[in-house]
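Here are the chains, one letter per residue:
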2 protein chains.
Amino acid sequence: MKSNEVSNNREIPRRKTAEQRRQDILEAALKIFAEKGYNGSTTAEIARAAEVAEGTIFRHFSTKKELLIAVLEPKILEGLIKLDKEYSEDTPTEFFRRFLKNRMELIKDNEALIRLMFAEAQYHIEVRESLFKGILGQGISIIRPWFEKGVELGDFRALPFLPTMQSFMGMIMFYGLFGNVFLGLSPEKTIEEAADHMLDLFLHGLAR
Amino acid sequence: MKSNEVSNNREIPRRKTAEQRRQDILEAALKIFAEKGYNGSTTAEIARAAEVAEGTIFRHFSTKKELLIAVLEPKILEGLIKLDKEYSEDTPTEFFRRFLKNRMELIKDNEALIRLMFAEAQYHIEVRESLFKGILGQGISIIRPWFEKGVELGDFRALPFLPTMQSFMGMIMFYGLFGNVFLGLSPEKTIEEAADHMLDLFLHGLAR
DNA sequence: ATTATAAGTGAGTAATCACTCATAATATCA
DNA sequence: TGATATTATGAGTGATTACTCACTTATAAT
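Since we're looking at a predicted model, the values are computed, not measured.

Chemist: Quick question: what am I supposed to make of empty space enclosed by the protein here?
Modeler: Empty space left among the atoms is revealed by rolling a probe the size of a water molecule over them. One pass over the full model with this rule turns up five cavities of 30 Å³ or more. In this structure, the largest cavity encloses a volume near 120 Å³. Along its surface, the largest cavity is lined by 16 residues, and A:Glu120, A:Tyr123, B:Gly37, B:Glu120 and B:Tyr123 are the ones closest to its centre. Only helix H7 (111-121) of chain A together with helix H6 (111-121) of chain B provide two or more residues apiece to the lining of the largest cavity. Taken together, the residues of the lining of the largest cavity sort by class into six nonpolar, six polar and four charged.

Rendered as structure tokens:
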């Protein structure tokens, strides 16, 4: 019988599964890393936050850096897949609205993770590559056909694709990562509102 | 007579001025910090890069953190002032073009500094404040009257100021900090071209 | 029950780090 | 030319850190 199955009246400690421990450590590591940066965090502190002994970390991850990679690597793609069921009946404009909202929500939901990713991407090549493949690259390749469709239909102007996307991504990223911190925007604004404003600006511009 | 003044034929070491030494250290520190981050850099390494003894660093800066602050603090405002001579004859649109170009050049010229600043702003309040006051805040306050003038003249739509600026700043920052790295944009494109494209997009939008 | 395996622990370790300080080198002043 | 002040030096220091390992505890297999 599996020992974790049913409560019996013996008063004995029940151990979490190895997988659960791993998750505890990952969760704690994300928290600490996001707070203090990779080099500013200690394995002792992470262990404390995860409520495990320091040695336990190294049973699950052979080095601190491997822990960082594990924190960043897998989660990224989770939220991206949804969009891949192509709503092929959408107009390009409708697609952009959906995409924008999805990304803004994704960023808000994983703010610590993404912030950490951008910060550490500066110093670790692996992270940089992961960031490009995971967030920026995926976004670009999903958008591209819709962009081109929009141009064909005459809905969009035939602007150069990559520079245009760079600006678009910049708007989104900056909103999620720095917006509320630096510009003191009212946080009670919903993502919905913010997304609508950004889309309006992106599609129609500031000029009358 | 000042000892550093004229070359004489005695073969003796000439000491740099204290100020010059300070600059050497600051320059080296910027390089190393930008490369590896604050916590990833060691004072020994900075000393080596500056070609001074490690102790010398601490004669000029009492702590490593003070060195970081000194690296970031003063330079920021240098490039900003130019714009303050108000070209009051400009149209709002012309102002935005000038502003955009100025900021993009400023970012390109100080890429390491600004990249470092954004990275460390996550972890040090002083840096965060300095970033807001120095780059983002200044930009916002310079733009505002021109934005309002543009709305009054009927050149611009009456969009909410801060969210609009957030997107604008996002486009600029992302271009400077991540654009070439992540999106593989052709680096032979001049800033001029990039700025013109960004302004076009910002003013008129993607939609036809 | 007994044994075998997997998982957890935390004191210990070698390396590294920011910072100090006694000494030396250079510059300034009398 | 000395006397004094300023700046530079780098070996030394205590604190911190990532990682190890001998050992304990829990679970699975026989």
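Once you've had a look at it, read on.
Chemist: Would you explain the interface of chain A and chain B in this entry?
Modeler: Where the parts come together, the accessible area they lose is often given as the size of the interface. Contacts between chain A and chain B engage 58 residues on the former and 58 residues on the latter. A combined buried area of about 5100 Å² lies between chain A and chain B, and 66% of that area is made up of carbon and sulfur atoms. In this structure, the salt-bridge partner of A:Asp200 is B:Arg157, at a minimum N-O distance of 3.2 Å. One can count 18 residue pairs in polar contact (both at pLDDT 80 or more) joining chain A with chain B. Of all the secondary-structure elements, those providing two or more residues to the side of chain A that touches chain B are helix H1 (18-36), H7, helix H8 (125-153), helix H9 (161-183) and helix H10 (191-204) of chain A. In terms of residue count, H9(A) provides more of the side of chain A that touches chain B than any other element does, 17 residues in total.

Chemist: Honestly, the relation of the copies chain A and chain B in this entry has me stumped. Any pointers?
Modeler: Between the two copies of the chain lies a relationship made up of a rotation around an axis and a movement along it. Note on the copies: chain A fits chain B at an RMSD of 0.1 Å, the axial shift is 0.0 Å, and the rotation between them is 180 degrees. The superposition operator between the copies reduces to a two-fold rotation axis. Minimal C-alpha distance to the rotation axis in chain A is attained by A:Gly205, lying at 2.0 Å. Most of the interface of chain A is mirrored in chain B, where 100% of its interface residues are also at the interface.

Chemist: I would appreciate a short explanation of H7(A) in the present structure.
Modeler: With nine of its eleven residues buried, H7(A) lies for the most part within the structure. The complete set of buried residues in H7(A) reads A:Leu113, A:Ile114, A:Arg115, A:Leu116, A:Met117, A:Phe118, A:Ala119, A:Glu120 and A:Ala121.

About the thresholds
Along each chain, numbering runs from 1 in the same order as the chain's sequence is written. Chain A is the first chain written and ligand 1 is the first ligand written, with later ones labelled in order. Restriction of local features to residues with pLDDT of at least 70 applies here, the model being predicted, together with a cutoff of 80 or more for giving and counting side-chain atom pairs; totals for whole chains, interfaces and linings are based on all residues. Note: side-chain values were computed over all heavy atoms of the structure, leaving out hydrogens and water. Of the two site types, the cavity is a set of points on a 1 Å grid over the protein atoms alone where a 1.4 Å probe fits but cannot get out, and the pocket is an open set with protein on both sides within 12 Å along at least five of seven lines, each lined by residues with an atom within 4 Å of a point. Grid points are joined across faces, edges and corners, and a volume is the space filled by probe spheres set on the points. Strands are runs of DSSP state E lasting at least two residues, helices are runs of H or I lasting at least four, and both sets are numbered from the N terminus onward. Classes in brief: Ala, Val, Leu, Ile, Met, Phe, Trp, Tyr, Cys and Pro nonpolar; Asp, Glu, Lys and Arg charged; the others, Gly included, polar. Note on definitions: a residue-residue contact is assigned when non-hydrogen atoms from the two residues lie within 4.5 Å. When two parts are brought into contact, each loses some accessible area as probed by a 1.4 Å sphere; the total of that loss over both is the buried area. For salt bridges, the criterion is a side-chain nitrogen of Lys or Arg within 4 Å of an Asp or Glu carboxyl oxygen. Contacts described as polar in this section are N or O atom pairs within 3.5 Å, which, within protein, must combine one atom able to donate a hydrogen with one able to accept it, while residues neighboring in sequence count only if both atoms come from side chains. The atoms used to superpose the copies are C-alpha atoms, taken from residues with pLDDT of at least 70 in both, and the fit is least squares. Using a 1.4 Å probe on the protein chains alone, a residue whose accessible area is under 20% of its type maximum counts as buried, one over 50% counts as exposed, and one in between counts as partly exposed.

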